[in-house]
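# Secondary and tertiary structure notes
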Amino acid sequence: MAIYLPESTQTSVDTLTPRQIVAELDKYVIGQHAAKRAVAIALRNRMRRQKLTPDLAEEVAPKNILMIGPTGVGKTEVARRLARLAQSPFIKVEASKFTEVGYVGRDVESMVRDLVELGVDMVRGERLEEVHAKAGQNAEDRLLDILLPPPSRPAGMDADGAPGDQQHQTRERLREQLRSGRLDARTVEIDAREKSFPSFEIIAGSSVEEVDVNLKDMLPGLFQGKTKKRRVKVPEALEYLTQEEEQKLIDMDSVARTAVNRVEQAGIIFIDEIDKIAGREGSQGPDVSREGVQRDILPIVEGTTVNTKHGMVRTDHILFIAAGAFHVSKPSDLIPELQGRFPIRVELEALGKDEFVRILTEPRGALVKQYTALMETEGIALTFTPDAIERIADFATRVNERTENIGARRLHTVMEKLLDEVSFEGPDLADKVVTIDAAYVTRMLADIVKNDDLSRYIL
């Protein structure tokens with residue numbers, strides 16, 4: 001689904017300076033200043049480009065970014081938060097899921113098609129908000145027509161006669177009752193359109209996604225949804241009629257055009273695990289097709305035109321952010337042409353104990369805040385002492401050092417194990433005040449952390 005900014009920023013997106021963009025990202029992602037700086041400059045350059053003359057703006061290519069760093073250090077989160085901040089259509093794809101043309105699997109153009117679908121959802125949502133009031137008014141009038149059918153006027157009676165005035169007064173009284181909720185218990189009969197007809201895709205050409213022909217579009221008369229009478233409560237009827245009116249008021253052709261333009265000018269595609277396709281020719285096994293996937297991704301990143309069911313989409317100005325751990329391979333193992341399309345390289349630092357302490361407490365959705373809020377729903381006042389947070393961070397760091405280093409994701413497993421008792425017994429606790437201190441953390445985790453074999457399986 002489309003990504004929206006959950007809360008408004010202090011300034012409009014167009015006027016955010018790179019320093020302000022970094023400050024916004026700091027609210028959600030700890031550390032990684034170099035990566036934040038790089039994406040802030042890329043976003044600001046995109047805003048600058050929109051102020052250029054059309055002929056010069058066409059020449060300015062986006063400065064794609066390659067993030068290098070181990071798992072769990074914030075690569076994806078930086079890109080995702082940037083997209084929310086910019087109100088841009090954003091999609092995350094795994095490079096390892098794509099295959100070379102001619103092999104079974106997803107073709108690389110599907111990432112652009114998916115991005116366009118997100119863009120359409122985003123624009124449609126905005127249009128729904130614009131027409132919601134008008135649709136609500138129309139739906140209310142339709143519902144009143146059902147509750148109080150207009151009388152058939154006898155021949156010769158003037159439209160402005162007394163019976164018409166009385167009908168109008170009755171209708172307005174009904175409207176007041178409807179708005180105040182006094183009619184909620186009543187049942188009405190509405191014509192509901194059945195949605196039981198599926199979409200069909202004709203499998204021809206190089207892939208199903210490429211063709212994507214919808215039989216309902218080809219034969220609209222044959223696949224018109226049937227309507228049937230349904231008896232529903234007044235609130236449900238009003239909601240259904242409002243949705244119907246919204247669909248009537250929205251021009252989907254205009255939505256598609258706007259979405260395609262937004263994707264072309266402001267879309268962001270995050271390609272994760274790009275190091276997994278950095279194999280070279282000459283080795284046995286799947287490496288042979290890895291370079292093929294790189295060659296297929298290259299034109300998308302360079303700039304090409306992709307056919308989607310909402311129209312042709314140019315990828316020249318979509319911002320691509322690629323990321324990978326590059327434990328086994330190196331960025332230089334990518335084909336030279338693809339390397340050249342990611343001019344900005346940033347290395348993300350591995351996270352240690354100090355960063356874990358900050359991750360647990362500082363961000364807006366910090367783990368400690370999440371678990372405290374979850375327990376509040378059970379009436380439990382859960383508090384963490386500073387020494388407990390230090391101990392949690394210390395245990396997470398030690399497990400990362402002894403086993404696989406999965407970065408901040410280790411905190412999730414440690415916190416789940418730590419709060420296992422409280423989460424399970426919470427509803428039955430007599431004492432609803434629970435304090436997590438260093439001694440509690442040690443009691444719950446020390447034995448597991450000491451046993452390397454056990455910590456591998458549990459943490």
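What comes next is a walk through the structure.

Scoring rules and cut-offs
Residues numbered from 1 in each chain as written. Predicted model: local features only at pLDDT ≥ 70, side-chain atom pairs only at ≥ 80, totals over all residues. Heavy atoms only, no water. Phe/Tyr/Trp six-rings, centres within 6.5 Å; stacked < 30°, edge-to-face > 60°. Lys NZ or Arg CZ within 6 Å of the ring centre and 35° of its normal. Pairing = 2+ DSSP bridges. Helix = DSSP H or I, 4+ residues; strand = E, 2+ residues; numbered from the N terminus. Axes fitted to C-alpha atoms, helices over the stretch in contact; angles between N-to-C directions. Left-handed = near helix turned anticlockwise from the far one by under 90°. Contact = heavy atoms within 4.5 Å. Nonpolar A, V, L, I, M, F, W, Y, C, P; charged D, E, K, R; others polar. Salt bridge = Lys/Arg side-chain N within 4 Å of Asp/Glu carboxyl O. Buried < 20%, exposed > 50% of the residue type's maximum accessible area, 1.4 Å probe, protein only. Patch = residues over 30% accessible without salt bridge, like charges linked within 9 Å, V, L, I, M, F, W, Y side chains within 5 Å. Areas by Shrake-Rupley, 256 points an atom, 1.4 Å probe, with all protein chains shown as cover. Lys, Arg positive; Asp, Glu negative; His and termini not counted. Charge placed at Lys NZ, Arg CZ, Asp CG, Glu CD.

### Overview of the packing of aromatic side chains
Ring pairs (aromatic) are described by centroid distance and by the angle formed between their planes. For the structure on display, the rule yields zero aromatic pairs. One residue, Arg81, lies across the ring of Tyr28, its end atom 4.1 Å from the ring centre.

### A word on the sheet that holds strand S2 (residues 90–94)
The strand order across the open sheet built from five strands is S2-S5-S8-S1-S9, with neighbouring strands paired in parallel fashion. Each end of this open sheet is capped by a strand with a single partner; those strands are S2 and strand S9 (344–347). Averaged over all neighbouring strand pairs, the angle between strand axes comes to 20°, with direction disregarded. Both S2 and strand S5 (residues 268–272) contribute to a ladder of five bridges, which runs parallel. Bridging from a neighbouring strand, Lys92 pairs with Phe270 of S5.

### Some points on the packing of helix H14 (residues 367–376) against helix H16 (residues 409–418)
Here H14 crosses H16 at 35°, and the two axes come no closer than 11 Å. Our pair here, H14 against H16, has a crossing hand that is right-handed. For the pair H14 and H16, the contacting residues are Leu367, Val368 and Tyr371 in the first and Leu411, His412, Met415 and Glu416 in the second. Tallied by class, residues from the contact of H14 with H16 come to five nonpolar, one polar and one charged.

### Observations regarding the pattern of salt bridges
Close approach of charged atoms lets side chains of opposite charge pair. Applying the stated criterion across every chain, the model contains 30 salt bridges. With a shortest N-O distance of 2.8 Å, Arg142 and Glu245 are connected by a salt bridge. Here Arg142, found in helix H5 (residues 110–147), pairs with Glu245, found in helix H9 (residues 234–249); they are 103 residues apart in sequence, far enough to count as distant. Taking relative accessible area as the criterion, Glu245 reaches 7% and is therefore assigned buried. When salt bridges with common partners are traced through the structure, they connect Glu140, Asp141, Asp145, Arg171, Glu172, Arg175 and Arg179 into a single cluster.

### Looking at a negative patch on the surface
Judged by side-chain charge, Glu378, Glu416, Asp420, Glu425 and Asp428 come together as a negatively charged surface patch. In this structure, Glu378 sits in the loop between H14 and strand S10 (381–384).

### Some details on the environment of Ala396
Relative to the helices and strands, Ala396 is located in helix H15 (residues 386–402). Leave out the neighbours within four places in its chain, and Ala396 touches Phe356, Arg410, Leu411 and Val414.

### What to know about the environment of Glu337
Looking at where Glu337 falls in the secondary structure, it is placed in helix H12 (residues 336–340). According to the relative accessible area criterion, Glu337 is partly exposed, its value standing at 45%. Taking the C-alpha atoms as reference points, Glu337 and Leu298, separated by 39 residues in sequence, lie 7.3 Å from one another.

So yeah, pure geometry; function would need other evidence.
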